[in-house]
Amino acid sequence: MPYVVTENCIKCKFQDCVEVCPVDCFYEGENMLVIHPDECIDCGVCEPECPIEAIIPDTDPESEKWLELNREWSEKWPNITRKGDSPADADEWRDVENKFEKHFSEAPGAGD
């Protein structure tokens, strides 16, 4: 039962979660992170580290649509194991709704 990253991460990408992950299961897109569900060990240490509550367990009713997105993009984007810089305007994107439809980017991030 893995954790998944939701659209709250889009354009915020704070990356505090990356630092605490014991199995390095985060992958970086241009403007969000995802978790590889087959690598996640369900330890839960990443969830409270996210300042925008973008990480949820797969037992959450909202997780179903995010599980496949996390799976798909974790296989395309580079692995990230160290916290990088968040976007300069990340705080401005915290409460924006419908970020996935309007701002999701398929482009990969830099990775490590």
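Above this text sits the structure in question.
Being a predicted model, the structure only gives us computed values, none of them experimental. (Residues numbered from 1 in each chain as written. Predicted model: local features only at pLDDT ≥ 70, side-chain atom pairs only at ≥ 80, totals over all residues. Heavy atoms only, no water.)

A. Representation of the environment of Val 4 within the structure. By the element assignment, Val 4 lies in strand S1 (residues 3–5). With 70 residues separating them along the chain, Val 4 and Ser 74 place their C-alpha atoms 11 Å apart. Residues contacting Val 4, with those up to four places away along its chain left out, are Ile 35, Ala 54, Ile 55, Ile 56, Ser 63, Trp 66, Leu 67 and Asn 70. (Helix = DSSP H or I, 4+ residues; strand = E, 2+ residues; numbered from the N terminus. Contact = heavy atoms within 4.5 Å.)

B. Layout of the sheet that holds strand S3 (residues 33–35). Read across the open sheet, the 3 strands follow the order S3-S2-S5; overall the sheet is antiparallel. Taken across any chain shown, the strands that pair with only one partner, and hence form the sheet edges, are S3 and strand S5 (79–80). Where strand S2 (residues 26–28) meets S5, 2 bridges bridge the pair, whose relative direction is antiparallel. Its bridge partner being in S5, Tyr 27 is matched across the sheet by Asn 79. Across the sheet, helix H2 (residues 63–74) is in contact with S2 and S3; its angle to S3 comes to roughly 100°. (Pairing = 2+ DSSP bridges. Axes fitted to C-alpha atoms, helices over the stretch in contact; angles between N-to-C directions.)

C. Just the nonpolar core, in detail. Ranked by internal contacts, the top residues of the largest apolar core, which has 32 residues, are Phe 26, Met 32, Ile 35 and Ile 55. Once residues lying within four places of it in the same chain are set aside, the contact partners of Ile 35 are Tyr 3, Val 4, Val 5, Cys 25, Phe 26, Cys 40, Cys 46, Ile 55, Asn 70, Arg 71 and Ser 74. (Core = buried A, V, L, I, M, F, W, Y, C linked by side-chain atoms within 4.5 Å. Buried < 20%, exposed > 50% of the residue type's maximum accessible area, 1.4 Å probe, protein only.)

D. Structural view of the environment of Cys 40. Here Cys 40 shows up in the loop between S3 and strand S4 (55–57). Apart from residues lying up to four places away in sequence, Cys 40 is in contact with Pro 2, Tyr 3, Cys 25 and Ile 35.

E. Highlighting the packing of aromatic side chains. Counted under the stated rule, the structure contains 5 aromatic pairs. Among the aromatic residues, those joined into a cluster by ring pairs are Trp 66, Trp 73, Trp 77, Phe 100 and Phe 104. A cation sits over an aromatic face here: Lys 76 above Trp 73, 4.4 Å from the ring centre. (Phe/Tyr/Trp six-rings, centres within 6.5 Å; stacked < 30°, edge-to-face > 60°. Lys NZ or Arg CZ within 6 Å of the ring centre and 35° of its normal.)

F. How the structure looks around the pattern of salt bridges. Counting across every chain of the model gives 7 salt bridges. Note that Lys 13 is salt-bridged to Glu 28, the shortest N-O span being 2.8 Å. With Lys 13 in the loop between S1 and helix H1 (16–20) and Glu 28 in strand S2, this pair connects stretches of sequence that are 15 residues apart. For Lys 83, the salt bridge goes to Asp 16, with nearest N and O atoms at 3.3 Å. (Salt bridge = Lys/Arg side-chain N within 4 Å of Asp/Glu carboxyl O.)

G. View of H2. Between its first and last C-alpha atoms H2 spans 16 Å; for 12 residues at 1.5 Å apiece the expected length is 16 Å, and the two agree. All buried positions along H2 are accounted for by Ser 63, Trp 66, Leu 69, Asn 70, Trp 73 and Ser 74. Projection of H2 onto a plane perpendicular to its axis shows the buried side chains occupying an angular sector of 125°, all on one side. Away from its buried face by more than 90 degrees, H2 exposes Glu 64 and Lys 65. Structurally, H2 contributes buried residues whose contacts are with S1, S2, S3, S4 and helix H3 (99–103). (Expected span 1.5 Å × (residues − 1). Arc of directions from axis to C-beta.)

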